[in-house]
Amino acid sequence: MFTIAEIGQAHEGSLGMAHAYIDAVAKTGATAIKFQTHIAQAESSIHEPFRVRFSTQDKTRFDYWKRMEFTPEQWKELGAHCAEVGLTFISSPFSNAAVDVLEAADVQQYKIGSGEVSNFLLLKKVVETNKPIIISSGMSSYAELDDTVNFLKEHKTDFSLLQCTTSYPTQPKQYGLNVIQELKDRYQVPVGFSDHSAEVATGIAAVALGATLLEFHVVFSKAQFGPDVSSSLTLEETTQLVAGANAIAEALQHPVDKHSNNAFSDLKAIFEKSLAVNKALPKGHVLTFDDLEAKKPKGFGIDAKEFRTVIGSKLKHDLKAWDFVTENDIEHE
């Protein structure tokens, strides 16, 4: 199961915090860690409607993006650290300039955020890297996804899609778990689930419904500041989710054949039961339902499932309480 711990801006612009997340995520068992690569000047302008007071530290959202930046050299250090601890290094670029930075840092896969799905300029830049791409469908209609998928297939790109709901935190009625199979059927590519619910159960449900990739936001503490904190899992919850997702993925790889129960022959002999009488009964007594009990093991009397065949039968001889009932003990009318 390919599990992706999304750090996003949870590092708060601190390089040390970003490195700390890499070490922490590696201990959860997740396959990959994902960052976002922002270059404020390249991705935003003064006309951006979202340029509002966002935090006590940042006057505008632009200032916030600026604070989230790392230098090209720092991105190289982060990429090297991911390799050291065995995590696949993924990032979402929000500009062509960010792709150049990530290429220099040896990013292994690209994630395209839902707001960039129709940004074919960026897609073309990423496609030219020849690296796998994960597309988030959060804000896209099928018509828009059709265009993007056609673009990627025309370029023979290795890509996958994520069902995603752009709502933070996502409520159960918004999960769109049904879309996982719809995406599979429509596009015939690997499909996963990008979760913003902050619930362990949601990701496990997605895997059970066929998601082969699972992305979720991770944060050290839900008391932290940040736009994604309310939609994130703690590291402890991440460990639970990864273990659960891997278990369900393994289960789906090993379907059980309910046509055969040969593997349980020995156990069935121990746990299944034979008919017995629950009281001392004399010869000639006509057995009733109230005379019968089922006792382990199977094979010492008539099978318990055949109880109807002995009701109304006469005993050939006395039986003590709790004796098994065999065919030799009864005569059928």
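Residues numbered from 1 in each chain as written. Predicted model: local features only at pLDDT ≥ 70, side-chain atom pairs only at ≥ 80, totals over all residues. Heavy atoms only, no water.

Quick look at the pattern of salt bridges
Just so we agree on the cut-off: Should a side-chain nitrogen of Lys or Arg be within 4 Å of a carboxyl oxygen of Asp or Glu, the pair is scored as a salt bridge. In DSSP terms, a helix is any run of H or I states spanning at least four residues, a strand is any run of E spanning at least two, and both are numbered starting from the N terminus. A 1.4 Å probe rolled over the protein chains alone gives each residue an accessible area, and that area as a share of the maximum for its type sets the label: buried under 20%, exposed over 50%, partly exposed in between.
For the structure on display, the rule yields 14 salt bridges. When the shortest N-O distance is used, the salt bridge between Lys-34 and Glu-6 registers 2.6 Å. Here Lys-34, found in strand E2 (residues 32-37), pairs with Glu-6, found in strand E1 (residues 2-8); they are 28 residues apart in sequence, far enough to count as distant. You can call Lys-34 buried: its relative accessible area is 1%. Notably, a salt bridge pairs Lys-124 with Glu-128, separated by 3.7 Å at the nearest N-O pair. The exposure class assigned to Glu-128 is exposed, which follows from its relative accessible area of 51%. Here the salt bridges do not stand alone but share partners, grouping Glu-12, Asp-58 and Arg-67 into one network.

A closer look at the side chain of His-38
For the record, the criterion: Residues adjacent in sequence count toward polar contacts only when both atoms are side-chain atoms; beyond that, a polar contact is any pair of N or O atoms within 3.5 Å, and within protein one must be able to donate a hydrogen and the other to accept it. Throughout, a contact is declared for two residues whenever any of their heavy atoms are within 4.5 Å.
Structurally, His-38 can be placed in the loop between E2 and helix H2 (40-43). Overall, His-38 belongs to the buried group, its relative accessible area being 3%. Of the polar contacts made by the side chain of His-38, one reaches the side chain of Gln-36; its length is 3.0 Å. Not counting residues within four places of it along the chain, the set of residues in contact with His-38 comprises Gln-9, Glu-43, Trp-65, Glu-69 and Phe-94.

Comments concerning unusual backbone geometry
The bulk of non-glycine residues show a negative phi, and the bulk of peptide bonds are trans. Going from Lys-296 to Pro-297, the amide bond is cis rather than trans, its omega being 0°. By the secondary structure assignment, Pro-297 is in the loop between strand E11 (292-295) and strand E12 (314-315). A positive phi is found at Trp-322, a non-glycine position, where the angle reads about 75°. Within the fold, Trp-322 resides in the loop between E12 and strand E13 (330-331). A residue is classified by how much of its surface remains accessible, and Trp-322, at 45% relative accessible area, is partly exposed.

Quick look at the packing of aromatic side chains
Rules: Ring pairs are drawn from Phe, Tyr and Trp, using the six-membered ring of Trp, whenever the two centres fall within 6.5 Å, and their geometry is named by plane angle: stacked under 30 degrees, edge-to-face over 60, tilted for the rest. We call a charge positioned over a ring when the NZ of a Lys or the CZ of an Arg lies within 6 Å of the ring centre and within 35 degrees of the ring normal.
This model, assessed by the stated rule, comprises 10 aromatic pairs. Ring geometry for Tyr-21 versus Phe-220: centroids 4.0 Å apart, planes at 20°, classification stacked. Residue Tyr-21 is located in helix H1 (residues 15-26), and its partner Phe-220 is located in the loop between strand E8 (213-218) and strand E9 (232-233); the two are separated by 199 residues in the primary sequence. Given the relative accessible area of 31%, Phe-220 is considered partly exposed. With a centroid separation of 5.5 Å and 50° between ring planes, the pair formed by Tyr-64 and Trp-65 is classed as tilted. Among the aromatic residues, ring-to-ring pairing joins Phe-35, Phe-70, Trp-75 and Phe-89 into one connected group. A cation over an aromatic ring shows up here: Lys-295 above the ring of Phe-324, its NZ or CZ 5.5 Å from the ring centre.

Geometric descriptors of this kind do not, in isolation, establish any biological role.
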